[in-house]
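Chain by chain, the residues run as shown.
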Amino acid sequence: MNRNHLFVERRPEGDYAVRRPNSDRASAVCDTQAEAIDRARDLEPGTLPLVERVRNTNRGNPDKWRKP
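Residues numbered from 1 in each chain as written. Predicted model: local features only at pLDDT ≥ 70, side-chain atom pairs only at ≥ 80, totals over all residues. Heavy atoms only, no water.

Enquirer: Is there a simple way to explain the confidence of the model for the protein in this structure?
Expert: Regions with low pLDDT carry predicted coordinates that are not meant to be interpreted in detail. On average, residues of the protein score 82 in pLDDT, and 72% of them reach the 70 mark or higher. Per-element confidence in the protein ranges from a low mean pLDDT of 86 for strand β4 (residues 50–51) to a high of 96 for strand β3 (residues 28–30). (pLDDT = per-residue confidence, 0-100. Helix = DSSP H or I, 4+ residues; strand = E, 2+ residues; numbered from the N terminus.)

Enquirer: I'm lost on the environment of Thr32 in this one. Help?
Expert: Mapped onto the elements, Thr32 comes out in the loop between β3 and α1 (33–43). The partly exposed category is assigned to Thr32, whose relative accessible area is 34%. Separated by 16 residues in sequence, Thr32 and Tyr16 have C-alpha atoms that sit 6.3 Å apart. (Buried < 20%, exposed > 50% of the residue type's maximum accessible area, 1.4 Å probe, protein only.)

Right under this line is the structure:
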């Protein structure tokens, strides 16, 4: 995967991490998903962050995977 991609994922603590592929540590941790998305856009302008689905909607459910 391209190292320029960033992921926004919910942490067990309830906040949101901005991560690069295969990283052990987060590039940023934010209180809200919106703040994390904005921070990801600041870190990599011109790319869209990949965002974990975290709520139930009429179109889908939260993502089930977790980084081991």
